[in-house]
Every structure is written in C-alpha cells, then in structure tokens.
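Chain residues, written in single-letter form:
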Amino acid sequence: MQYEYILTEAAYKPHIALIQLNRPKELNALNLQLMQEIKHALATFDQIDDIRCIIITGNERAFAAGADIKQMENRTAIDMLKIDQFETWDQIRKTRKPVIAAVSGFCLGGGCELAMTCDMIVASETAKFGQPEIKLAIMPGAGGTQRLTKAVGKALAMEMVLTGKFITAEQALDAGLINRVVPEELYLEEAVKLASEVAAQSPVAVRLAKESVLKAFDSGLQEGLYFERKNFYMCFASSDQKEGMNAFVEKRKPQFTGR
Ligand code: DAK
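Reading the values: rules and limits
- Residues numbered from 1 in each chain as written.
- Predicted model: local features only at pLDDT ≥ 70, side-chain atom pairs only at ≥ 80, totals over all residues.
- Heavy atoms only, no water.
- Buried < 20%, exposed > 50% of the residue type's maximum accessible area, 1.4 Å probe, protein only.
- Helix = DSSP H or I, 4+ residues; strand = E, 2+ residues; numbered from the N terminus.
- Pairing = 2+ DSSP bridges.
- Right-handed = clockwise from strand over helix to strand, strands pointing away.
- Near = heavy atom within 4 Å.
- Polar contact = N/O pair within 3.5 Å; in protein donor to acceptor, adjacent residues only side chain to side chain.
- Areas by Shrake-Rupley, 256 points an atom, 1.4 Å probe, with all protein chains shown as cover.
- Nonpolar A, V, L, I, M, F, W, Y, C, P; charged D, E, K, R; others polar.
- Contact = heavy atoms within 4.5 Å.

Here the focus is the pairing of strand E3 (residues 53–57). Taken across its 5 residues, E3 has 5 buried, putting it largely inside the fold. Because side chains alternate across E3, one face comprises the buried residues Cys-53, Ile-55 and Thr-57, and the other comprises Ile-54 and Ile-56, equally buried. In this structure, strand E2 (residues 16–21) lies alongside E3, joined through 5 bridges in parallel fashion. Bridge assignment links Ile-16 to a residue of E3, and that residue is Cys-53. In this region the chain leaves E2, passes through helix H1 (residues 32–47) and returns to the parallel neighbour E3; the handedness of that crossover is right-handed. Of the strand pairs in this sheet, E3 and strand E5 (residues 99–103) are connected by 4 bridges, and their pairing is parallel. By the bridge assignment, Ile-55 is partnered in E5 with Ile-100.

Set out below in structure tokens:
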C-alpha cells in the first residue's frame, strides 16, 4: 500500500519501526484515509518478526490536533454509523507488539485518543493534551471518556472533557497519563530509548505481558465504549454540531442553541 499521509520506516532502529503522521499543514488532523494508513502500517509491522516495538509520532508542532473537522462537518449520525470508523480504531488497539506514542505539540481530541490507544506515551515539554470536542458540540468518540478517566481519574477527566481545556505535558505526567517528559529536541530519542528497553526483552513474554496489562486496564471498557459510541452518534443529530464545526471552519465563535 502506498501511503499518502504517513511516513514509515520498518527498520528505523534495531527492532524498532516508526510511523510518522505527515499532514503537517493540517496539524496532522486525522482524516479517514490517514487512520486507514495507520491501521495498515501497524498490521504490517505486527507481522514482521524482526520488529519488536513500534513508535508513532507526529512533528514538533503537533502529534495530531484531532479528527479532521472539515471532513466531519456535514456528516449526519447515519453517515457516521455507515462509515463505522470504529472498526479501524479497534484494529489499531489489537496490535500485538508494544506501541509507543512520541508526542510533541498538540495532542487533541482523536489525537489524544490515538496516543492513549498506544501502550506508553513519551512527550516533549511542549506537548498539550486535551479533549476539546465539547467546543464543537460533540464529545470524545474513540475511547476518550473511558481511557482518559481510567488514566487520570474522574476529577481531571471530567474537567477536560466538559470544558475542553488542555493540560501541559508536566500536568499529564503528574496525572499519570504519560510516561515521561523531556525537552522538545529529545522526545523522539527518548521514545527510542524506551522502545529499545522493551525490544531487549523476550518478544513472546512482552506480547503476553502487554495483553495481560491491557486486560486489567480494559475490564468493563467495552461496555463503556459502546455506551460512548451511541452518545457520540447522537451528537451528529444536533444542529449545534453543525454550528460548532462550521464556526471552526469559518474561524468564528460558535452560537449554540441546544438543538
Ligand atoms: N481538523 C481539521 N483541520 C484542522 C484541525 C482539525 N482537527 N486542527 C487544525 N486544523 C487546521 C486548521 O483549520 C488550519 O487550517 P487552515 O486554516 O490553515 O487551512 C491549520 O490546521 C492550522 O491550524 P490553526 O491555524 O488553527 O493553528 P493554531 O496554532 O492557531 O491553533 C489549534 C491550533 C490546535 C488550537 C486549533 O487548530 C484547533 O483548535 N484545532 C481543533 C482542535 C479540535 O477541536 N480537535 C478535536 C476535533 S474533533 C471518531 C474518532 C475520533 C473522533 C471522531 C470520531 N470515530 C471513531 C468515529 C475525534 C473527534 C475530534 O478529534
């Protein structure tokens, strides 16, 4: 498969593969094709024996500023249901090898959900994490309400999801969302260090251990995710969603009516 929106290197470092999101002008906004490409690259790397750990990164300015609002703006709830993007996200989550997100700059909405779907997160000091969907009159739809809450606890998750406020890398570290924070010029190097430590272990034990940690983390998650999905689709039945996304595209403040 030829990729348009990602760059990949199967042998980035010994036993480590790299996937770099590559829509820099759009702050790596996650359109449908980009997500398909990530899914395909992860599935491909998962099959290559020599690869033991995978790093997903963006660039200094953005890991990803969320799903592509321009692509979603005019969708109806039924459009969203038919596209069923969740299949792609579920596949990403099923990657057997450890996946590390190396994050700098904006890590928002679907971008934050993508990072949280990874197994560990290494961030630069400039990273900003947030679930700002509420400002578009929608809500997180790819696990944000569930994974963020499990990672940082109810108080902070509620505040982030209900206000859309961003938190800094230091705050994310304190809250338990990420593994470490380093100066911006070192975040990818630091992710490689962590990946190398993992890659030095038995691949079989790593696979089984990853599965087991996820099992503990995921208990009850599926039910939460299905619940979240129904509510996410419902957002697209509102005129506030159209107004929120239209206002973003037109670079103006949204006027929400509660309809
Ligand atoms: N979508 C589309 N374009 C985006 C974008 C996005 N999420 N974020 C940024 N861009 C574009 C901007 O429109 C702008 O394009 P031009 O105007 O130059 O054409 C360019 O990237 C640079 O952005 P700015 O000019 O706005 O840059 P600033 O530094 O001023 O601001 C910002 C950076 C990140 C604060 C701002 O761009 C921003 O607020 N972006 C939107 C953040 C956001 O609301 N993210 C959440 C989106 S909703 C699903 C799974 C997941 C999701 C949905 C469904 N399923 C499985 C069904 C997730 C939903 C979301 O993430």
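What follows is about the site of the ligand. Around the ligand, a shell composed of 27 residues is seen, among which Arg-61, Ala-67, Ile-69, Gly-110 and Lys-251 lie nearest. In this structure, Lys-251 approaches the ligand through a side-chain N or O atom, which is 2.8 Å from an oxygen atom. Look at the ligand: alone it shows 1100 Å² of surface, and the protein chains cover 77% of it. Among the secondary structure elements, those contributing two or more residues to the shell around the ligand are helix H2 (69–72), helix H4 (86–93), strand E6 (106–108) and helix H5 (110–117). By residue number, the principal contributor to the shell around the ligand is H2, which donates 3 residues. Here the shell around the ligand is composed, by residue class, of 15 nonpolar, 4 polar and 8 charged.

Looking at the secondary structure, you find Ala-157 in helix H7 (residues 154–163). By relative accessible area, which is 3% here, Ala-157 ends up buried. Put simply, Ala-157 and Arg-75 are 82 residues apart on the chain and 27 Å apart in space, counted from C-alpha to C-alpha. Among all residues touching Ala-157, those that are not within four sequence positions of it are Leu-148, Thr-149 and Val-152.

Another aspect to go through is the pairing of strand E1 (residues 6–13). Here E1 runs beside E2; their pairing, made up of 5 bridges, is antiparallel. The residue bridging Leu-7 from the neighbouring strand is Gln-20, located in E2. What sits between E1 and E2 in their antiparallel hairpin is a turn of 2 residues, with His-15 showing a positive phi close to 65°.

Here we take up unusual backbone geometry. For Leu-27, which is not glycine, the phi dihedral falls at a positive 55°. With respect to the element layout, Leu-27 can be found in the loop between E2 and H1. A relative accessible area of 18% means that Leu-27 is categorised as buried. Despite not being glycine, Lys-251 shows a phi value in the positive range, around 55°. Among the structural elements, Lys-251 can be located in the segment after helix H12 (239–249).

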